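Structural features, examined
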Protein chains: 2
Amino acid sequence: MSQNVPDLISGVLFTDHYQLTMSQLYFREGIHEKRVRFDHFFRSYPDYGTHQAGYCINAGMGSLQQWLAQVSFGGPELEVLRQQKRADGTALFDQSFLQYLKQMGNFDGLSIQAVPEGRVVHPHAPQTVIEGPLVMAQLLETVLLATLNYQTLIATRAARIKFSGRGQLMLDFGMRRGHSFGANAGSRAALIGGADFSSNVGVSHSMGLPARGTHAHSMVQVYMALGMGEVDAFRAYANEYPEQCLLLVDTVDTLASGVPNAITVFEELRARGHEPMGVRLDSGDLAYLSIQAAKMLDQAGFESTTISLSNNLDEISIWQIVTQIQQEASRYGQDAESLIKRLSFGVGTRLMTSEGASALGGVYKLVAVEDDSKWKPAIKLSESAAKTPSPGQKRVLRLYDHQGCATADVLTPKDTVFDIKKDNKLFHPTETNRSRDIRADDVAIKEELLQAVPAYDPALDTQQELMQIRQRRDKDIASLHPGILRLVNPHIYHVSLSEPLHDLKQELIEDLRVKRKPALGT
Amino acid sequence: MSQNVPDLISGVLFTDHYQLTMSQLYFREGIHEKRVRFDHFFRSYPDYGTHQAGYCINAGMGSLQQWLAQVSFGGPELEVLRQQKRADGTALFDQSFLQYLKQMGNFDGLSIQAVPEGRVVHPHAPQTVIEGPLVMAQLLETVLLATLNYQTLIATRAARIKFSGRGQLMLDFGMRRGHSFGANAGSRAALIGGADFSSNVGVSHSMGLPARGTHAHSMVQVYMALGMGEVDAFRAYANEYPEQCLLLVDTVDTLASGVPNAITVFEELRARGHEPMGVRLDSGDLAYLSIQAAKMLDQAGFESTTISLSNNLDEISIWQIVTQIQQEASRYGQDAESLIKRLSFGVGTRLMTSEGASALGGVYKLVAVEDDSKWKPAIKLSESAAKTPSPGQKRVLRLYDHQGCATADVLTPKDTVFDIKKDNKLFHPTETNRSRDIRADDVAIKEELLQAVPAYDPALDTQQELMQIRQRRDKDIASLHPGILRLVNPHIYHVSLSEPLHDLKQELIEDLRVKRKPALGT
């Protein structure tokens, strides 16, 4: 699988056409190596329709770094570009530009700052900042957005689903519903955001985790079509995997066939010295069936078996299942809290495709250009004020109160001091006239969120890296106000501009408004 | 980019863990080479919430074939499997099973039948049928679903968007919003389903098409930050691309700055002997701005320029824009129909992620097993009758009336004759008791939908292939009743079971219901 077509389309040519045509223009105009700054940020949390996120979990940089370390404008890529034509049939790309790409077309000259993976991030505050030569910063846009937006979207959903399941074991089963090979990025992000394990064999291995799974309905069907029964399929599975015997019990009828047959096999297994793992329910009223299955398993002496649930789960359906068990378990003599502690959740489609909010609208905006060794802020006015990004080189600070609770993310120009020992005026990031005062007494700590991203290390211990990412995630989620964690209509976290940044932004907007008219007809 | 981690996770290890553990079980039980049949089909059309599809466009097989031709259980893949452990620390996979995978673990022994790409497909009727050894048919499941479901989902959305845009030029701009590298599959599917061109450089090239695009806001911003103006950016672009000069006019202010500056540059361009291409609008009231931009362009003598629209478009927003133009254009002295013929549409997020319906729930179900040289139908009962797949080896027939209109897709057992010269009783695919009669007079033609899929040909002329796929698509869409094409609440197309298939299914269900009880405690 060396230089074949899939590699070619996932390498440096994984980009929008206009990135290359603009790059050639910059090259020919001699401005291609001007240093620029692009900010990557999203403007609103995922809104799933009936429920909404109040925070996001940042993810994707590890994958982007790996891509950056592997791609280049090599022979096959340049040959593709050489074949691009203008309307008149002549070559679209000039030989000198292609030569430049061959020699200089790598991303080594870009410096990347980013919020570390696993950390909580909020709208308008840059997650990623790219500084470097215009041409390569521009050529990075498409792959950066496709990589970081999707993984942040899925890590966020995974965190919500884990939260709704009361911290019980949560497995990513979503790869078959993924957007083609995008499922690999989805499984990675799920493991970062909240899934404990994944069914994805390749990605689990690459992150130093074992893959997980049980068996499919088809296994039971094969045995039945061959003239045997569900119990024979279960027995074969138990013989092959005595220490990981989790049986899918709904191929025929969950309570009338699946659970009784599982108990038969569990008894045989125990007689041979192995404790069974449990059962998986994949259809029907999962709360009711969990209670009944637990009761049957208890009566047979298998009180500590897992009850694994799957079938179109997400944070809302899991929350409802847990709530129903709390209300209904005692009616059947089951202790609700003990039963909930036996549950695990296999989550697929709604995690992998973030059903209800299938994209995070993260953008990559030019905010500054260096000219004559001086950084000049860049601005874009559009029809809505909400879409005007904050200009210039900036820092992102997270403020914590004396209880260790994160209370605001503040954007401020790089060269200003934000003194938390003083009272500060903070401005809404998009609604110009809204401001509030934050008192020195209310702020205990300020923390810089953007960190320099080190070069990709192919020898990285990916398992250790994942554990560190998960620690950052848990720490950040623990520092959020409980209202922000609410699954439906969460509190809105404060993201603010410092007074100097607000003033700079207003000045530039005013400037552009004044300049606009004389530009007419020039 | 040879055997690195991305290749490893996109090869034969792109699978769910349980496919491998079930395969080992089949191997150890000696049933791994039993011939089986799996059907791939979806159960319902995409429902976008406020609007719904009444048909799907089949896509993805070309990508699956390419994958099948490239992957294998080679050294690195087997090494990953060798490292998988059981709970007690011993190897999960037996050496003899890995040896088998090394020697026999390829997909050459599978025969694939499928509805050709580009054709209209409907729920419950198999799009793809796999027959061959159990072990390899099982190992195909995950990649088949991830590949075919997503591309069918996107091809379907692209067809709807193309339809809502009255057939005007439609471009896929969605790769930055894709689910990571899944965007490549999305661009391919968009080009199959309705997009004329894509901004995706690699995929466009691989399909024999030129990639398309204009420029970004950042290009204008760079010039402004360097002390120049929007008009200077436009001029530079026109100099570099005189024959493809399409200018993005909303960086500052569409009507007060962008369009006047574009006209200035268009006049210079014309003076040098080139006709400008047009303008792109990316924010604001796109219908109103189109009318005003057209008026300004007309007054300046550029009546034949394109007006390209983008910004979160989908079939509903495009339909609304077209409708508003029809209502509003004459108020400003513009002819609505001529203006609509100048439009083109750049569609991103909502196409690439199929916003509102981010997954097609296609499934891959075991329907038959060969035993003693006889095929035995397999069935799975679950809690809902709607989820019980039609058993056995089947054919899928499309019936057309005397006007050439497709009226029903009929599933019938492979070994039965479906005689359209007779009246036939047809059954609802999931609601057992619903049947209807179709008269011989109402059917002119029956057509077999499933075709043998030839082996992957690396020398395939992909452009010619795409053109054939698009011809099939256009022919099939033209044969649909207009009510099925309706964007909102479409008519429901008939998918039916023939009487022999209905009888077989009922017999198997009854059989299983009777058998179920004695299975208790066996």
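Residues numbered from 1 in each chain as written. Chains lettered and ligands numbered in written order. Predicted model: local features only at pLDDT ≥ 70, side-chain atom pairs only at ≥ 80, totals over all residues. Heavy atoms only, no water.

**A word on the overall build of chain A**
We apply this condition: Helix and strand definitions follow DSSP, with helices as H or I runs of at least four residues and strands as E runs of at least two, each counted in order from the N terminus. The buried label applies to any residue whose accessible area, calculated with a 1.4 Å probe on protein chains only, is under 20% of its type's maximum; exposed applies above 50%, and partly exposed to all values in between. Here, Shrake-Rupley sampling with a 1.4 Å probe gives the accessible areas, and only protein chains in the shown set may cover a residue. For the purpose of counting charges, residues Lys and Arg are taken to be positive, whereas Asp and Glu are taken to be negative. His and the chain ends are not included. Charge positions come from single atoms, namely NZ of Lys, CZ of Arg, CG of Asp or CD of Glu.
Counting its regular elements, chain A contains 18 helices and 20 strands. In terms of overall dimensions, chain A has a C-alpha envelope of 85 × 65 × 40 Å along the principal axes. A buried classification covers 63% of the 522 residues belonging to chain A. Total accessible area computed for chain A in this model is approximately 18600 Å², and 49% of it derives from carbon and sulfur atoms. Charged side chains in chain A number 53 positive and 60 negative. The centres of these two groups are separated by 4 Å.

**A short note on helix H13 (residues 315-328) of chain B**
Residues and elements named next belong to chain B. Put simply, the test is: What a helix is expected to span follows from its residue count: subtract one and scale by 1.5 Å. Between two residues, a contact is recorded if the distance between any of their heavy atoms is within 4.5 Å. Contacts described as polar in this section are N or O atom pairs within 3.5 Å, which, within protein, must combine one atom able to donate a hydrogen with one able to accept it, while residues neighboring in sequence count only if both atoms come from side chains.
In this model H13 runs 20 Å from its N-terminal to its C-terminal C-alpha over 14 residues, within 8% of the 20 Å that 1.5 Å per residue would give. Of all the residues in H13, the buried ones are Glu 315, Ser 317, Ile 318, Ile 321, Val 322, Ile 325 and Glu 328. Tucked inside the fold, the buried residues of H13 contact helix H6 (134-164), helix H12 (286-299), strand E10 (306-309), helix H14 (336-340) and strand E11 (343-347). At the N-terminal end of H13, a side-chain oxygen is found 3.0 Å from the backbone nitrogen of Ile 316, two or three residues along, and the residue is Asp 314.

**Remarks on the packing of helix H10 (residues 230-240) of chain A against helix H2 (residues 17-29) of chain B**
The condition that has to hold: The convention used is that axes are lines fitted to C-alpha atoms, helices contributing only their stretch in contact, and that angles between N-to-C directions extend from 0 to 180 degrees. Under this scheme an angle from 65 to 115 degrees is roughly perpendicular, one under 35 degrees roughly parallel, and one over 145 degrees roughly antiparallel; angles in between are oblique. Throughout this entry, Asp, Glu, Lys and Arg are counted as charged residues, while Ala, Val, Leu, Ile, Met, Phe, Trp, Tyr, Cys and Pro are counted as nonpolar. The remaining residues, Gly among them, count as polar.
In the contact formed by H10 of chain A and H2 of chain B, the axes pass within 10 Å of each other and the chain directions differ by 100 degrees. When the axes of H10 of chain A and H2 of chain B are compared, the pair comes out roughly perpendicular. Of the residues in H2 of chain B, those touching H10 of chain A at Ala 236, Tyr 237 and Glu 240 of chain A are Gln 24, Leu 25, Arg 28 and Glu 29 of chain B. Partitioning the contact of H10 of chain A with H2 of chain B into residue classes produces 3 nonpolar, 1 polar and 3 charged.

**Observations regarding the sheet that holds strand E12 (residues 363-371) of chain B**
Across a sheet, strands are paired by hydrogen bonds formed along the backbone, either parallel or antiparallel in direction. Keep this limit in mind: Criterion used throughout: strands pair if DSSP finds at least two bridges between them.
Spatially, E13-E12-E1-E5-E3-E19 (chain B) is the arrangement adopted by the 6 strands of the open sheet, whose pairing is antiparallel. Whereas interior strands pair on both sides, the edge strands pair on one side only; in this sheet they are strand E13 (374-377) and strand E19 (451-452) of chain B. Looking at chain direction, strand E1 (residues 35-41) of chain B and E12 of chain B are connected through 6 bridges and run antiparallel. Residue pairing for E12 of chain B: Val 36 of chain B is matched across the bridge by Val 369 of chain B. Most of the contacts of helix H9 (residues 217-225) of chain A go to E12 of chain B, to which it runs at about 20 degrees, and overall it touches E1, E12 and E13 of chain B. Along the sheet face, H6 of chain B touches E1, strand E5 (128-133) and E12 of chain B and points at about 155 degrees away from the line of E5 of chain B.

**Quick look at the relation of the copies chain A and chain B**
Put simply, the rule reads: Our superposition of the copies is a least-squares fit, built on the C-alpha atoms of residues whose pLDDT is at least 70 in both.
With an RMSD of 0.0 Å, the fit of chain A onto chain B corresponds to turning through 180 degrees and sliding 0.0 Å along the axis. Taken together, the rotation and translation relating the two chain copies correspond to the operation of a two-fold axis.

**Notes on the interface of chain A and chain B**
Our working rule: In short, buried area is how much 1.4 Å probe accessible area vanishes from two parts on joining, totalled over both. Whenever Lys or Arg places a side-chain nitrogen within 4 Å of a carboxyl oxygen from Asp or Glu, that contact is recorded as a salt bridge.
Listed as interface residues are 135 residues of chain A and, on the opposing side, 136 residues of chain B. Carbon and sulfur atoms supply 58% of the area buried between chain A and chain B, which totals about 11300 Å² over both sides. Linking chain A to chain B there are 8 salt bridges. With a closest N to O distance of 3.0 Å, Glu 240 of chain B and Arg 28 of chain A form a salt bridge.

**With respect to the pattern of salt bridges**
Residues and elements named next belong to chain A. Here the structure, examined in full by the defined rule, presents 68 salt bridges over all chains. Here Arg 119 makes a salt bridge to Asp 476, at a shortest N to O gap of 2.9 Å. Of this pair, Arg 119 sits in the loop between strand E3 (111-114) and strand E4 (120-121) while Asp 476 sits in helix H16 (residues 462-478); the two residues are 357 residues apart in sequence, bridging distant segments of the chain. Each member of the pair, Arg 119 as well as Asp 476, carries the same accessibility label: buried. One salt-bridge network, in which partners are shared between bridges, spans Arg 157, Arg 160, Asp 314, Glu 315, Arg 350 and Glu 355.

**Things to note about the confidence of the model for chain A**
Residue and element names in this part refer to chain A. Here is the rule: Every residue gets a pLDDT, meaning the predictor's confidence in that residue, from 0 to 100.
Averaged over every residue, the pLDDT of chain A is 94; the share at 70 or more is 97%. Here residues 1-6 scores under 50 on pLDDT; set against residues more than four positions off or in separate chains, the count is 15 contacts. Ignoring residues within four places in sequence, the model shows residues 518-522, a span with pLDDT below 50, making 9 contacts including any to other chains. Interface predicted TM-score (ipTM) for the complex: 0.96; the corresponding pTM is 0.97.

**A word on unusual backbone geometry**
If you check the backbone angles, Asn 311 of chain A has positive phi at about 115 degrees while not being a glycine. Note on placement: Asn 311 of chain A falls in the loop between strand E10 (306-309) and helix H13 (315-328). Located in the positive-phi region is Asn 312 of chain B, a residue other than glycine, with phi close to 55 degrees. Within the secondary structure, Asn 312 of chain B sits in the loop between E10 and H13. Using a relative accessible area of 43% as the deciding quantity, one classes Asn 312 of chain B as partly exposed.

**As for the environment of Tyr 45 of chain B**
Residues and elements named next belong to chain B. Mapped onto the secondary structure, Tyr 45 falls in the loop between E1 and strand E2 (56-57). Looking at Tyr 45, the relative accessible area reads 13%, which means it is buried. Between the C-alpha atoms of Tyr 45 and Cys 56, which are 11 residues apart in sequence, the distance is 7.0 Å. Of note is the side chain of Tyr 45, whose polar atom sits 3.4 Å from the backbone oxygen of Gly 54. In this structure the side chain of Tyr 45 is engaged in a polar contact, spanning 2.7 Å, whose partner is the side chain of His 122.

**Observations regarding the sheet that holds strand E17 (residues 435-438) of chain B**
Residue and element names in this part refer to chain B. Read from one edge to the other, the open sheet built from 6 strands follows the order E17-E16-E20-E15-E14-E18, with strand pairing classed as mixed. The open sheet terminates on both sides in strands that have one partner only, identified here as E17 and strand E18 (445-448). Between one strand axis and the next, the sheet turns through 35 degrees on average, direction left out of account. Of the strand pairs in this sheet, strand E16 (residues 424-427) and E17 are connected by 4 bridges, and their pairing is antiparallel.

**A closer look at the side chain of Asp 314 of chain B**
Residue and element names in this part refer to chain B. With respect to the secondary-structure elements, Asp 314 resides in the loop between E10 and H13. Overall, the relative accessible area of 6% leaves Asp 314 in the buried class. For Asp 314, the side chain forms a polar contact with the main-chain nitrogen of Ile 316, separated by 3.0 Å. Apart from residues no more than four positions distant in its own chain, Asp 314 is found in contact with His 51, Arg 157, Ile 161, Ser 164 and Arg 350.

**Here's the deal with the pairing of strand E13 (residues 374-377) of chain A**
Residue and element names in this part refer to chain A. Bridge count for strand E12 (residues 363-371) against E13 is 4 bridges, and the pairing is antiparallel. In the strand pairing of E13, Ala 368 is matched with Pro 377. Where E12 hands over to E13, the hairpin turn is made up of 2 residues, of which Asp 372 adopts a positive phi near 50 degrees.

**Considering a negative patch on the surface**
All names here are of chain A. For clarity, the threshold we go by: The patch calculation keeps residues exceeding 30% relative accessible area without a salt bridge and links them within 9 Å when they carry like charges or within 5 Å when they are nonpolar (Val, Leu, Ile, Met, Phe, Trp, Tyr).
The grouping of Asp 423, Asp 437, Glu 499, Asp 503 and Glu 507 at the surface amounts to a negative patch. Tallying contributions element by element places helix H18 (residues 499-519) first for the negative patch, with 3 residues. Turning to its location among the elements, Asp 423 is positioned in the loop between strand E15 (406-413) and strand E16 (424-427).

**A look at the packing of aromatic side chains**
The criterion, for reference: Here a Phe, Tyr or Trp ring, Trp counted by its six-membered ring, pairs with any other such ring whose centre lies within 6.5 Å, and the pair is stacked when the planes are under 30 degrees apart, edge-to-face when over 60, and tilted otherwise. Charge-over-ring contacts are defined here by two conditions on Lys NZ or Arg CZ: a distance within 6 Å of the ring centre and an angle within 35 degrees of the ring normal.
For the structure on display, the rule yields 20 aromatic pairs over all chains. Ring plane angle 65 degrees and centroid distance 5.6 Å describe the contact between Phe 266 of chain A and Phe 302 of chain A, whose orientation is recorded as edge-to-face. Residue Phe 266 of chain A is found in helix H11 (residues 254-271), and its partner Phe 302 of chain A is found in the loop between helix H12 (286-299) and E10; the two are separated by 36 residues along the sequence. Classification of Phe 302 of chain A as buried rests on a relative accessible area of 1%. Ring centres of Phe 38 of chain B and Tyr 364 of chain B lie 4.4 Å apart, and the angle between their planes is 5 degrees; on these two criteria the pair is classed as stacked. In this pair, Phe 38 of chain B is assigned in strand E1 and Tyr 364 of chain B in strand E12, connecting sequence segments 326 residues apart. The same class applies to Phe 38 of chain B and to Tyr 364 of chain B, which are both buried. Through pairs of rings, three or more aromatic residues link up here, namely Phe 27, Phe 93, Phe 97 and Tyr 100 of chain A. Arg 157 of chain A extends its terminal NZ or CZ atom over the ring of Tyr 48 of chain A, reaching a point 4.1 Å from the ring centre.

**Regarding the packing of H6 of chain B against H13 of chain B**
All names here are of chain B. Where H6 meets H13, the closest approach of the two axes is 8 Å, and the angle between their N-to-C directions is 5 degrees. Judged on the interaxial angle alone, H13 and H6 are roughly parallel. On H13, the residues that touch Arg 157, Arg 160, Ile 161 and Ser 164 of H6 are Glu 315, Ile 318, Trp 319 and Val 322. Of the residues contributing to the contact of H6 with H13, the split by class is 4 nonpolar, 1 polar and 3 charged.

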